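Here is how the chains run, residue by residue.
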Amino acid sequence: MAQTDKRIRWFHYSTEDAKAAQAELDQLAAEGWELAELGLLTATFRPASSPRPCWVEPARWRSMGRKDTERRADYLELCDEAGWDLLDESGGLWFFQAKPGTDPAPVQTDGTVEWTSVWKKILFNQAFNLLFLGIFWTLHFWVQFVWKGFFLWEPLLSNTALGATVLFQVLLLAELIYGAYLLSYRRRCRRAVAAGESFPVPGRWGARLRGVSKLGAGVVLVGTFLLLLTGVGEGQAEYLKDHAGYTRQRRSVFAEQWTYRQFQSHGSLWVESYTCRFSWLAELICGDLLALEGDGEALEKDLHYHAPVTPAPAELGFDRAWTYHDGELSGLILQNGTQVVRIEAPDIDLTNPDILIELRQRILKLTE
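Please read all numbers here as calculations on a predicted model, not as lab measurements.

The strand order across the open sheet built from three strands is β4-β6-β5, with neighbouring strands paired in antiparallel fashion. Pairing within the sheet leaves two strands with one partner each, and these edge strands are β4 (54-58) and β5 (84-90). Each neighbouring strand pair of the sheet contributes to a mean axis angle of 25 degrees, computed without reference to strand direction. Sheet topology places β4 next to strand β6 (residues 93-98); five bridges connect them, and they run antiparallel. If you follow tryptophan 55 over to β6, its bridge partner there is phenylalanine 96. Against the sheet, helix α1 (residues 18-30) makes contact with β4 and β6, and its axis sits at roughly 170 degrees relative to β4, the strand it touches most. Against the sheet, helix α2 (residues 66-81) touches β4, β5 and β6, its axis set at about 25 degrees to β6.

Given below as structure tokens:
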């Protein structure tokens, strides 16, 4: 059977996995395959009776500054004089190949020198960048989320917000895991050099996964952006001409929120209803709504224009209920099973069962 004249295979490694790339090239050379060309995510190999050896190491001096440009040129010239051609630069790696008819010594022959001049700084910088970005953006996201007065359960009221939040947090978690791995690998390399052993070789499949991590991160970011675009307009107010007010509704896999506000000359009728799928979520929402009534700044941000109050427990036939007052304004927060309702209205006794029945009928009419 005739042998194929070329072989294309997945071949894309990150900087820290140079040793894994080297091991794969050595294995293919032992099988009679010589590296011919590097693509974006693949490499092309051709059969050869004596494949030219390759050497892989992290690319250095990559800035456009004069010093780095000169150092890079000097180093590549030394490699050329030693019998190594720079075949390509891909994924932050230099791929050298022996000149035809030569069998030069490896570019790096001293593990201590290689660790000091190549790996020590590169692995630290990569780990630091990943951990810094992961920790910074995680803290920034949650500090901004809490500082702006959002409740932790609010993303659960929108499938779009929930999906975008999950994707973004998964991306940040992956950054932290990646950074921790690099620190671990750096420690293994340092110990191997101290013991006079060869550098540890990362597993091939793990290295291939890390090789496409940037591409994967880009896909996640694009997916998050597209998800947010699909949610534009979600939960917008629907104004009611006949009732001088508006309604707003949001649904998700966790809960359904319905809001109604009717403007009046002497105040506003405000009804918020949360129908949850889980009791823990209903308890969390109920607890935060109660706490909100005692926070003047949060009330103002949430457009509840009354002084801070302390809701008092009330027996109204629900699982739990609280009432509060501020001048002519009356308020009621109740939890019944997995449903939480908050009502605010002027000049209305919200503890009167007949009033509650009337409000319920009005709400049902609006939602028909």
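Tracing the backbone through its elements, the reader meets serine 273 in strand β10 (residues 267-276). Accessibility expressed as a relative area gives 11% for serine 273, which makes it buried. Within the structure, the side chain of serine 273 is placed 3.1 Å from the side chain of glutamine 339, a separation counted as a polar contact. Look past the residues within four positions of serine 273 in its chain and what remains in contact with it is Glu256, Gln257, Trp258, Gln339, Val340 and Val341.

Two residues of an α-helix separated by three or four positions point the same way, owing to the 3.6 residues in each turn. Those residues of helix α5 (residues 204-211) that sit buried are Ala207, Arg208, Arg210 and Gly211. Seen along its axis, α5 keeps its buried residues to an arc of 160 degrees; they face one direction. For α5, the exposed residues set more than 90 degrees away from the buried face come down to Trp205 and Leu209. Contacts from the buried residues of α5 go to β1 (7-10), α1, α4 (159-194) and α6 (213-230).

The subject of this paragraph is the packing of aromatic side chains. Considering all chains together, one arrives at 21 aromatic pairs under this definition. Taken together, a centroid distance of 5.7 Å and an interplanar angle of 20 degrees make the contact between tyrosine 75 and tryptophan 94 stacked. Remark: tryptophan 94 occurs in strand β6 and tyrosine 75 occurs in helix α2; sequence separation between them is 19 residues. For tryptophan 94, a relative accessible area of 0% translates into the label buried. Here arginine 60 stacks its cationic end above the ring of tyrosine 75, 4.6 Å away from the centre of that ring.

Structurally, the position occupied by proline 58 is in strand β4. With a relative accessible area of 0%, proline 58 lands in the buried category. The contact partners of proline 58, leaving out residues within four places of it in the chain, are Thr15, Ala18, Gly92, Leu93, Trp94, Val118, Trp119 and Ile122.

What follows is about the pattern of salt bridges. Here the structure, examined in full by the defined rule, presents 17 salt bridges. Glutamate 24 is the salt-bridge partner of arginine 9, the closest N and O atoms lying 2.9 Å from each other. Residue arginine 9 is found in strand β1, and its partner glutamate 24 is found in helix α1; the two are separated by 15 residues along the sequence. Residue class for arginine 9 comes out buried when judged on its relative accessible area of 17%.

Counting 30 residues, the largest nonpolar core has Phe11, Leu25 and Phe45 as its most contacted members. Going through the elements one at a time, α1, β2 (33-38), β3 (42-47), β4, β6, α3 (111-147) and α4 are the ones with two or more residues in this core. Residue contributions to this core peak at seven residues, all from α3. In terms of nonpolar packing, the next biggest core, distinct from the first, is built from 21 residues, Phe151, Leu156, Cys286 and Leu289 among them.

Moving on: the confidence of the model for the protein. For the protein, mean pLDDT is 87; residues scoring 70 or higher make up 94% of the total. For the protein, helix α9 (residues 353-367) is the element with the lowest average pLDDT, namely 70, and α1 is the one with the highest, namely 95.

Across the sheet, three strands lie side by side as β1-β3-β2; this open sheet has antiparallel pairing. One side of each edge strand has no neighbouring strand; the edge strands of this open sheet are β1 and β2. Here the strands of the sheet are splayed against their neighbours by 35 degrees on average, with no regard to which way each runs. Relative to β3, β2 runs antiparallel, the two sharing five bridges. When the sheet's bridge partners are listed, leucine 35 is paired in β3 with phenylalanine 45.

Of the pairings in the sheet, the one linking β5 to β6 comprises six bridges and is antiparallel in character. Within the sheet, the bridge partner assigned to aspartate 85 lies in β6 and is glutamine 97. Two successive antiparallel strands, β5 and β6, enclose a turn made up of two residues, where glycine 91 displays a positive phi of approximately 60 degrees.

Conventions we followed
- Residues numbered from 1 in each chain as written.
- Predicted model: local features only at pLDDT ≥ 70, side-chain atom pairs only at ≥ 80, totals over all residues.
- Heavy atoms only, no water.
- Pairing = 2+ DSSP bridges.
- Helix = DSSP H or I, 4+ residues; strand = E, 2+ residues; numbered from the N terminus.
- Axes fitted to C-alpha atoms, helices over the stretch in contact; angles between N-to-C directions.
- Contact = heavy atoms within 4.5 Å.
- Buried < 20%, exposed > 50% of the residue type's maximum accessible area, 1.4 Å probe, protein only.
- Polar contact = N/O pair within 3.5 Å; in protein donor to acceptor, adjacent residues only side chain to side chain.
- Arc of directions from axis to C-beta.
- Phe/Tyr/Trp six-rings, centres within 6.5 Å; stacked < 30°, edge-to-face > 60°.
- Lys NZ or Arg CZ within 6 Å of the ring centre and 35° of its normal.
- Salt bridge = Lys/Arg side-chain N within 4 Å of Asp/Glu carboxyl O.
- Core = buried A, V, L, I, M, F, W, Y, C linked by side-chain atoms within 4.5 Å.
- pLDDT = per-residue confidence, 0-100.

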